[in-house]
Amino acid sequence: MRSSLSSNQINEEFRDRSPNFLARIERSLNKLGWVKGAIVPAILLVIWEIASKSGWVAPNLLPAPSTVLSTIGDLAKTGDLWKHIGITLYRVFLGFAIGVGLATILGAITGYSRIIHDLIDPLLQSLRGIPSLAWVPLFLLWMGIQETPKIALIAVGVFFPVYLSLMSGIQSVDRKLVEVGKIYRLNGLQLIQRVFLPATIPAYIVGLRSGLGLGWMFVVAAELMGASQGLGFLLVDGQTTGRPELTLASILLFAILGKVTDGAIAFISRHVLYWQDAYLSPT
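Quick summary incoming for the structure in this document. What you are looking at is a predicted structure, and each value in this text was computed from that prediction instead of being measured.

Bringing the overall build of the protein chain into the picture now. Summing up its helical and strand segments, the protein chain has eleven helices and zero strands in all. Along the protein chain, from the amino end to the carboxyl end, the secondary structure elements read α-α-α-α-α-α-α-α-α-α-α. Relative to its full complement of 283 residues, the protein chain shows a buried share of 34%. A separation threshold of at least 6 residues defines the contact pool for the protein chain, and within that pool the share at least 24 residues apart is 70%. In the structure as shown, the protein chain presents an accessible area of about 17700 Å², 66% of it carried by carbon and sulfur atoms.

Below you can see the structure in the form of structure tokens.
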């Protein structure tokens with residue numbers, strides 16, 4: 001007699017094998033390292049290329065990735081690309097440094113002192129709700145159209161995520177840890193070094209990454225303020241001159257630079273938080 005499997009037996013066999021199958025896929029992907037993060041973007045780029053070349057989308061609205069890359073290559077050959085990238089990186093890094101410095105000072109003070117928190121935090125939280133573009137006319141009025149208002153706007157964008165993360169991180173430190181530190185007669189500086197600092201660094205790094213992301217967003221608004229160079233200028237120039245490939249090239253460069261800089265902070269954080277027994281390490 002020829003034996004046959006019932007539907008219930010087939011389903012049970014599939015359930016037994018599926019975890020092993022998924023585990024094999026996960027192990028295979030893990031062997032690729034950081035390359036696996038490029039799989040989904042590569043698939044999307046291929047679909048985009050096919051859709052554009054096949055005429056499924058209008059090429060004057062959504063040029064193919066090959067056309068966008070060719071535009072970037074042309075800018076690189078003339079040397080204009082490096083000028084635009086350089087000035088944008090300068091604005092982002094300087095604004096990031098200023099925003100992080102101010103946020104670190106105020107976040108640490110308001111997180112550590114209840115009185116200062118009650119005096120300063122309500123004002124800062126109200127300012128946090130102001131849209132980025134609302135600062136543009138005021139900064140132009142105060143500082144003109146040179147580099148200062150652009151950097152100030154980026155610093156504003158960076159400030160609030162870092163401030164909020166650091167302040168919340170300090171306030172969330174376990175009270176029992178602080179009490180144990182006091183039992184061992186640690187003074188204020190020693191409490192900060194041995195209790196508050198290790199407990200707060202993870203939240204602070206998250207704030208740095210969030211602030212950097214907003215810094216890249218705010219630089220576009222900043223480069224609307226009378227800029228003649230920068231990736232934000234290229235983006236707007238492509239829109240005003242009817243060159244979507246130039247606009248998409250700027251967006252692609254923003255994505256690459258944003259990912260590289262965020263990856264740098266994530267790389268540093270893995271070494272700073274080497275002692276942390278986390279479920280998943282930051283990527």
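Read on for the rest.
In this structure, Ser-168 sits in helix α7 (residues 147-171). Assessed through its relative accessible area of 30%, Ser-168 is described here as partly exposed. Measuring from C-alpha to C-alpha, the distance between Ser-168 and Tyr-112 comes to 10.0 Å, with 56 residues separating the pair along the chain. At a separation of 2.8 Å, a polar atom in the side chain of Ser-168 contacts the main-chain carbonyl oxygen of Leu-164.

Attention now moves to the packing of aromatic side chains. Under the counting rule described, the total for this entry stands at four aromatic pairs. Aromatic pair Phe-159 and Phe-160: ring centres 5.0 Å apart, planes at 90°, arrangement edge-to-face. Here Phe-159 and Phe-160 have matching classes, each one buried. A ring pair is formed by Trp-216 and Phe-254, whose centres lie 6.2 Å apart and whose planes are at 75°; its orientation type is edge-to-face. One end of the pair, Trp-216, is in helix α9 (residues 188-222); the other, Phe-254, is in helix α11 (residues 244-272), with 38 residues separating them in the sequence.

Here we come to the packing of helix α8 (residues 175-183) against α9. When two helices pack together, you describe them by how their axes are tilted relative to each other and by the distance separating the axes. Axis separation between α8 and α9 bottoms out at 10 Å; the angle between their running directions is 145°. The interaxial crossing formed by α8 with α9 has right-handed handedness. Across the interface between the two elements, Leu-177, Val-178, Gly-181 and Lys-182 from α8 touch Leu-191, Val-195 and Phe-196 from α9.

With respect to the helices, strands and loops of the structure, Ile-154 is situated in helix α7. Distance in space between the C-alpha atoms of Ile-154 and Phe-218 is 5.3 Å, their sequence separation being 64 residues. Those residues in contact with Ile-154 that sit more than four places away from it in its chain are Arg-91, Val-92, Gly-95, Phe-96, Gly-215, Phe-218, Val-219 and Ala-222.

Counting residues in hydrophobic clusters, the biggest one holds 50 residues, and the most contacted among them are Phe-96, Val-100, Leu-153, Val-162, Leu-208, Trp-216 and Leu-231. When residues of this core are assigned to their parent elements, the largest contribution, twelve residues, is made by α9. Once you skip the residues sitting within four places of it in the chain, Val-100 turns out to touch Val-158, Val-162, Tyr-204 and Leu-208.

Turning next to the environment of Gly-238. Inspection of the secondary structure puts Gly-238 in helix α10 (residues 231-240). Accessibility expressed as a relative area gives 2% for Gly-238, which makes it buried. Expressed as a C-alpha distance, the spacing of Gly-238 and Leu-248, which sit ten residues apart in the sequence, is 8.5 Å. Not counting residues within four places of it along the chain, the set of residues in contact with Gly-238 comprises Arg-243, Pro-244, Leu-246 and Thr-247.

As enumerated under the stated definition, the model contains four salt bridges in all. Note that Arg-209 is salt-bridged to Asp-262, the shortest N-O span being 2.8 Å. You can see Arg-209 sitting in helix α9 and its partner Asp-262 sitting in helix α11, a full 53 residues away along the chain. The class of Arg-209 is partly exposed, set by a relative accessible area of 23%. When its relative accessible area of 17% is taken as the criterion, Asp-262 is described as buried. Among the salt bridges present, the one from Asp-237 reaches Arg-243, with a minimum N-O distance of 2.8 Å. Judged by relative accessible area, which is 22%, Asp-237 ranks as partly exposed. Since its relative accessible area comes to 35%, Arg-243 is described here as partly exposed. Overlapping salt bridges bring together Arg-91, Glu-147 and Glu-223 as one network.

Reading the values: the criteria
- Residues numbered from 1 in each chain as written.
- Predicted model: local features only at pLDDT ≥ 70, side-chain atom pairs only at ≥ 80, totals over all residues.
- Heavy atoms only, no water.
- Helix = DSSP H or I, 4+ residues; strand = E, 2+ residues; numbered from the N terminus.
- Buried < 20%, exposed > 50% of the residue type's maximum accessible area, 1.4 Å probe, protein only.
- Contact = heavy atoms within 4.5 Å.
- Areas by Shrake-Rupley, 256 points an atom, 1.4 Å probe, with all protein chains shown as cover.
- Polar contact = N/O pair within 3.5 Å; in protein donor to acceptor, adjacent residues only side chain to side chain.
- Phe/Tyr/Trp six-rings, centres within 6.5 Å; stacked < 30°, edge-to-face > 60°.
- Axes fitted to C-alpha atoms, helices over the stretch in contact; angles between N-to-C directions.
- Left-handed = near helix turned anticlockwise from the far one by under 90°.
- Core = buried A, V, L, I, M, F, W, Y, C linked by side-chain atoms within 4.5 Å.
- Salt bridge = Lys/Arg side-chain N within 4 Å of Asp/Glu carboxyl O.

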